Amino acid sequence: MKFFIDSGNLEEIKRIHKLGLVDGVTTNPSLIAKEGKPFKEVITAICKTVSGPVSAEVIGLTVEEMIQEAEELAGWAPNVVIKLPLTEAGLEAAYRLSGQGIKTNVTLIFSAAQGLMAAKAGATYISPFVGRLDDTGVNGMQLVTDLRKIMREYGFATEIIAASIRHVGHLQQAAAAGADIATVPGSLLPAMWKHPLTDAGIEKFLQDWKSVPQLS
Ligand code: G3P
């Protein structure tokens, strides 16, 4: 499973990137706003650091606005992927952009029907929001499982990005569900490699090592 970092923060991304764990990056308007810098500055800096796909989301709500923005964003760097909301306009934009060879990530997906339509429209990636579904009392990971079955059943090349990941359980469940990618908040991954038993094990090894006779 590929790891994308769900962040607009370059330092967060660089910390994980140097471990070889960053296959791509996703951003959204809220993550960009947190950086307090111009959109193009944030995205181009990330694209220079990460060679994998970097999702940048359009703000426009009409097809023409989306297409116009997408064509500009796509010109910022060769690895920019255009993020489009799953609306009627977003589906048409995904269809038209795929015809232009521009990669898309259709986002804010909360049902299998939405994911299927995005794949049929030619989306390169689809982003089901697991955590936000969980927040409503629905099993968000079941959507990933269902979309995996649908993509496989009908031979779609569209890749599933498990998004809105809130904890290590989501990451593990996404892998078990067959997601192609999980996009993980930059602040969460460091918490995922830590485990108290690992810390305790290191402590015990160091303690026991003190009794090993040292050559004079
Ligand atoms: O960026 C898309 C998605 O990962 C957002 O997650 O935590 O805002 O629901 P979240």
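Residues numbered from 1 in each chain as written. Predicted model: local features only at pLDDT ≥ 70, side-chain atom pairs only at ≥ 80, totals over all residues. Heavy atoms only, no water.

Asks: I'm lost on the side chain of R148 in this one. Help?
Replies: Along the polypeptide, R148 turns up in helix α8 (residues 140-153). The contact partners of R148, leaving out residues within four places of it in the chain, are I160, A177, G178 and D180. (Helix = DSSP H or I, 4+ residues; strand = E, 2+ residues; numbered from the N terminus. Contact = heavy atoms within 4.5 Å.)

Asks: Could you clarify how one ought to interpret the site of the ligand in this entry?
Replies: If you check the shell around the ligand, you find D6, N28, K83, F129, R132, A163, S164 and R166 and nothing else. At a separation of 3.4 Å, an oxygen atom of the ligand approaches a polar side-chain atom of K83. Protein chains shield 84% of the accessible area of the ligand, which is 310 Å² for the free molecule. Applying the majority rule of atoms within 2 Å of the grid points places the ligand in the largest pocket. (Near = heavy atom within 4 Å. Polar contact = N/O pair within 3.5 Å; in protein donor to acceptor, adjacent residues only side chain to side chain. Areas by Shrake-Rupley, 256 points an atom, 1.4 Å probe, with all protein chains shown as cover. 1 Å grid on protein atoms, 1.4 Å probe; cavity = no way out; pocket = protein on both sides within 12 Å on 5 of 7 lines; lining within 4 Å. Sits in = over half its atoms within 2 Å of the grid points.)

Asks: Got a minute to help me understand the packing of helix α4 (residues 63-74) against helix α5 (residues 88-99) in this structure?
Replies: How two helices sit against one another is set out by the angle between their axes and by the gap between those axes. Running from N to C, α4 and α5 cross one another at 45°; their axes reach a closest spacing of 9 Å. The angle between the axes of α4 and α5 places the two elements in the oblique class. Judged by the twist between their axes, the crossing of α4 over α5 is right-handed. The residues of α5 that touch α4, namely those facing V63, E64, M66, I67 and A70, are A89, G90, E92, A93, R96 and L97. For the contact of α4 with α5, the residue count by class is seven nonpolar, one polar and three charged. (Axes fitted to C-alpha atoms, helices over the stretch in contact; angles between N-to-C directions. Parallel < 35°, antiparallel > 145°, perpendicular 65-115°, else oblique. Left-handed = near helix turned anticlockwise from the far one by under 90°. Nonpolar A, V, L, I, M, F, W, Y, C, P; charged D, E, K, R; others polar.)

Asks: Looking at this model, I keep getting lost on the environment of N79. Mind explaining?
Replies: Its location among the elements puts N79 in the loop between α4 and β4 (80-85). With relative accessibility at 12%, the residue N79 sits in the buried group. The spatial distance from the C-alpha of N79 to the C-alpha of M151 is 24 Å, given a sequence separation of 72 residues. Residues contacting N79, with those up to four places away along its chain left out, are C47, V50, S51, G52, P53 and V54. From its side chain, N79 meets the backbone oxygen of V50 in a polar contact 2.8 Å long. (Buried < 20%, exposed > 50% of the residue type's maximum accessible area, 1.4 Å probe, protein only.)

Asks: I keep staring at the packing of aromatic side chains and nothing clicks. Help me out?
Replies: Here the distance between the centres and the angle between the planes together describe a pair of aromatic rings. Scanning the entire structure with this criterion turns up three aromatic pairs. Judged by centre distance (6.1 Å) and plane angle (70°), the ring pair of F4 and Y125 falls under edge-to-face. Of this pair, F4 sits in strand β1 (residues 2-6) while Y125 is found in strand β6 (residues 125-128), placing the two residues 121 residues apart along the sequence. Relative accessible area serves as the criterion here: at 2%, F4 is assigned to the buried category. We classify Y125 as buried; its relative accessible area is 5%. Ring plane angle 65° and centroid distance 5.6 Å describe the contact between F110 and F129, whose orientation is recorded as edge-to-face. Here F129 lies in the loop between β6 and α7 (130-134) and F110 lies in the loop between β5 (104-109) and α6 (112-120), a separation of 19 residues in the sequence. F110 sits in the partly exposed class, given a relative accessible area of 32%. (Phe/Tyr/Trp six-rings, centres within 6.5 Å; stacked < 30°, edge-to-face > 60°.)

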